[in-house]
Structures are given as structure tokens and as C-alpha cells.
Amino acid sequence: MRPVFRFAPSPNGRLHLGHAFSALVNQRMAQGCGGRLLLRIEDIDVARCTPEFEAAIYRDLEWLGIEWETPVRRQSEHFGEYRDLLGRLIEEELVYPAFMSRGEVRAAIVEAEAKGGRWPRDPDGAPLYPGLDRTLGARERRRRIDRGDPFAWRLDSAAALERIARPLAWTEYADMGMQTAASIDARPQDWGDVVIARRDVPTSYLLSVVADDALQGVDRVVRGRDLYLATSVQRLLQELFGFAPPAYFHHRLVTGPDGRKLSKSAGDSGIAELRERGATPAEIRSMVGLD
Ligand code: GLU
């Protein structure tokens, strides 16, 4: 079986050097082992993703010399599949409707911290969801949902971990050559009760990425270091759904001249801007250190 790679940008902005690097690394690794390369458009955020940004992705990648298989999977065309998976988690009581507003979360944390100890934070520094509504009865949940209260479906992380009842790990390659790999312990508990879906959108980045990697047979996930820690939660979801986990390579991030992560509005490092200023694909490869 040929290894399957994917590049999965979100069309909510223009591609920059960081995306170019990621796409080129995927292409190189796929070519190096006779693998396949898929392109996936991660457009579940229909308010921020636009057809113009999507068209620009194809244009920029083609110009860079990236080749991908068609048809391209667009996540916005698969909400039904995500809804089914969410339904399984609801059925198994592994998610719950979380109603607490930002203000209520803040107040609960202030109160808990006043009683002693710092409230736990996730690896991004955000306080874990206090989950005071985790144990609401079925009738009360129904009542609030019917009343139209805003909520998100959150993972009951304690219940999920109990269900799996064994430590989880993932395979992380050490380099693009994939000759050596390490087993990394997953720590989904560090993220607490993450959002799995919204009231009006039956998915989240986490649910869709895990679903699609499995449904598309992706077995080599190559992406930036910024997603390394989130892999822990993805491993847990894969396990809950019975999906075979891919192996991962989290590559270095391309930073701007100030050493900071590039953003989608970073004009200077935009692929289209560089092209318009006369840069060649070979120059782009050299700018990101891929000669
Ligand atoms: N769509 C995500 C992004 O634009 C990448 C998802 C992934 O590679 O897992 O950053």
C-alpha cells in the first residue's frame, strides 16, 4: 500500500511561506517513498472561508509545482459525516452540551482559585473548561436546548479516558526521511473538555481532521509544530471511533524576520505577493530552506 499524505489548508486567508513550506515538505516526503498526496480544504468555518481564498490556494500551489489527487475533499461538503460521528459520541455519553458562557467560566475559575490553587490551564495557556454543567440531568439539558440556550458539545474527557483505559501514544518521525521515529505519549487530559462541535455546526477542527484523515486513508500526517500538542486529543478521538492512527511528522515553523510565526495577513511573506514581485518557485524553496 502506498503511504498517503495530505496538505490541509483552511481558505480563510492567503497562503504564505509557512504554507508553502508545509506543502513542499509533504510533496517531498510523498515522492521520497512513492506515496500519494491529497489536498484537503478545511472550510468548516463557512463565515470566514471564501471561494476566492480557495481559488487562490489552487493557484499558489500549482505555481509552486505541487501536484495533488482529485477530487479535492472539501470539508463543507461533509457535514453529514461529521454529524454521524458526533451522534455516536452523544449516544455513548462521551460529549455533553456545555452551556457556560465566557463570563460564567471566568467567574467559576475566580471562585475556585480564591479557595486555593491555580486553576489548570491547557498547553495554550487557556483555563480548562470547569464543566459545571457536565452532570446536568437529561431533562434539564433538553429544556435548555429547547429554550434556545447557546451551547457547544464538549468532550467529557474523564469519561473518554475511562472508556479507553490505557495510555495512548503516537509515532513521530524525527526527520523528512522517516528513517527514525519515536513513540510520543499522548496527554489528552492536559486539554480537558475540548469543544467537539457547535450548536449550529456539527463539528470542529478536531473532529473533522480526525474523521477525514481516517476516511481518506491518510497514514502520514505532515504539518507544523504548532499542532504537535493538539495531536494528543486527536489520538483520543481516533481511539474512541476505532480509527487507525496515522504516523506524524511535525515540521519546524517558518518564521518572519522578527522570529514570529507568520500570519495569513503577513503581506511580505504571501505567496501571491512574492510571485507578483517576480519571485520564482525555486526562490521560494530556497527562502524556506528547501534547496
Ligand atoms: N487546517 C489546518 C490549518 O490550516 C491544518 C490541519 C492539520 O494539518 O491537521 O492550520
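Because the structure is predicted, anything quoted here is derived from the model rather than measured. (Residues numbered from 1 in each chain as written. Predicted model: local features only at pLDDT ≥ 70, side-chain atom pairs only at ≥ 80, totals over all residues. Heavy atoms only, no water.)

## Description of the overall build of the chain
Counting its secondary structure elements, the chain contains 10 helices and 10 strands. Rg of the C-alpha trace for the chain: 20 Å, near the compact-globule value of 19 Å for 291 residues, within the 12% margin. Each of the 291 residues in the chain was classed as buried or not, and the buried ones make up 48%. For the chain, long-range pairs separated by at least 24 residues make up 78% of all intrachain contacts whose partners lie at least 6 apart in sequence. Total accessible area on the chain is roughly 14700 Å²; 50% of this is exposed by carbon and sulfur atoms. Counting 41 positive and 43 negative side-chain charges, the chain places the centres of these two groups 2 Å from one another. (Helix = DSSP H or I, 4+ residues; strand = E, 2+ residues; numbered from the N terminus. Rg over C-alpha atoms; globule rule 2.2 N^0.38 Å. Buried < 20%, exposed > 50% of the residue type's maximum accessible area, 1.4 Å probe, protein only. Contact = heavy atoms within 4.5 Å. Areas by Shrake-Rupley, 256 points an atom, 1.4 Å probe, with all protein chains shown as cover. Lys, Arg positive; Asp, Glu negative; His and termini not counted. Charge placed at Lys NZ, Arg CZ, Asp CG, Glu CD.)

## Notes on the pairing of strand β2 (residues 36-41)
With respect to burial, β2 is a largely interior element, 5 of its 6 residues being buried. One crossover worth recording links strand β1 (residues 4-7) to the parallel β2 by way of helix α1 (residues 17-32), and it is right-handed. Two elements, β2 and strand β3 (residues 69-74), share 3 bridges in a ladder whose sense is parallel. The residue bridging R40 from the neighbouring strand is R73, located in β3. (Right-handed = clockwise from strand over helix to strand, strands pointing away. Pairing = 2+ DSSP bridges.)

## Brief notes about the packing of helix α3 (residues 79-91) against helix α7 (residues 205-215)
The N-to-C vectors of α3 and α7 enclose an angle of 105°; their axes lie 10 Å apart at closest approach. Between α3 and α7, the angle falls in the class roughly perpendicular. Residue-level inspection shows E81, Y82, L85 and L86 of α3 in contact with α7, the latter providing L207, S208, A211, D212 and L215. Split by residue class, the contact of α3 with α7 holds 6 nonpolar, 1 polar and 2 charged. (Axes fitted to C-alpha atoms, helices over the stretch in contact; angles between N-to-C directions. Parallel < 35°, antiparallel > 145°, perpendicular 65-115°, else oblique. Nonpolar A, V, L, I, M, F, W, Y, C, P; charged D, E, K, R; others polar.)

## A word on the sheet that holds strand β5 (residues 152-155)
One open sheet holds the 3 strands; their spatial order is β4-β5-β8, and the pairing between them is antiparallel. Edge positions in the open sheet fall to β4 (95-98) and β8 (195-198), since each of these has one partner strand only. Adjacent strand axes in the sheet meet at a mean angle of 30°, parallel and antiparallel pairs treated alike. Relative to β8, β5 runs antiparallel, the two sharing 3 bridges. Bridging from a neighbouring strand, A152 pairs with R198 of β8.

## Looking at the site of the ligand
With respect to spatial proximity, the complete set of residues near the ligand consists of R6, A8, S10, E42, Y205, V209, R223 and L227. S10 places a side-chain nitrogen or oxygen 3.3 Å from a nitrogen atom of the ligand. Within the side chain of Y205, a nitrogen or oxygen atom sits 2.9 Å from an oxygen atom of the ligand. A class-by-class count of the residues in the shell around the ligand yields 4 nonpolar, 1 polar and 3 charged. (Near = heavy atom within 4 Å. Polar contact = N/O pair within 3.5 Å; in protein donor to acceptor, adjacent residues only side chain to side chain.)

## Digging into the environment of P127
Inspection of the secondary structure assignment puts P127 in the loop between α4 (102-115) and α5 (138-147). For the pair P127 and F241, spaced 114 residues apart in the sequence, the C-alpha separation amounts to 27 Å.

## A closer look at the pattern of salt bridges
Overall, the coordinates contain 24 salt bridges when judged by the stated rule. The salt bridge involving R187 is made with D190; its shortest N-O contact spans 2.8 Å. Judged by its relative accessible area of 43%, R187 falls in the partly exposed class. A salt bridge links R220 to D219, with the nearest nitrogen and oxygen atoms 3.8 Å apart. Under the relative-accessibility criterion, D219 is labelled partly exposed at 28%. Taken together, the shared-partner salt bridges connect R6, R40, E42, R73, E81, D212 and D213 into one network. (Salt bridge = Lys/Arg side-chain N within 4 Å of Asp/Glu carboxyl O.)

## Describing the packing of aromatic side chains
A complete count under the given rule lists 8 aromatic pairs for this structure. Summarising the aromatic geometry, the rings of Y96 and Y129 are spaced 6.5 Å apart at their centres and angled 35° between planes, so their arrangement reads as tilted. Highlighted residues: Y96 in strand β4 and Y129 in the loop between α4 and α5, separated in sequence by 33 residues. An identical accessibility class is assigned to Y96 and Y129; each is buried. Ring geometry for W170 against Y248: centres 6.4 Å apart, planes inclined by 70°, an arrangement best described as edge-to-face. With W170 in strand β6 (residues 169-173) and Y248 in strand β10 (residues 247-251), this pair connects stretches of sequence that are 78 residues apart. On the basis of relative accessible area, W170 is assigned to the buried category, the value being 4%. Aromatic ring contacts, followed pair by pair, group F99, F151 and W153 into a single cluster. The ring of F99 carries R144 above its face, with NZ or CZ at 5.2 Å from the centroid. Over the ring of Y228 we find R225; its NZ or CZ atom is 4.3 Å from the centre of that ring. (Phe/Tyr/Trp six-rings, centres within 6.5 Å; stacked < 30°, edge-to-face > 60°. Lys NZ or Arg CZ within 6 Å of the ring centre and 35° of its normal.)

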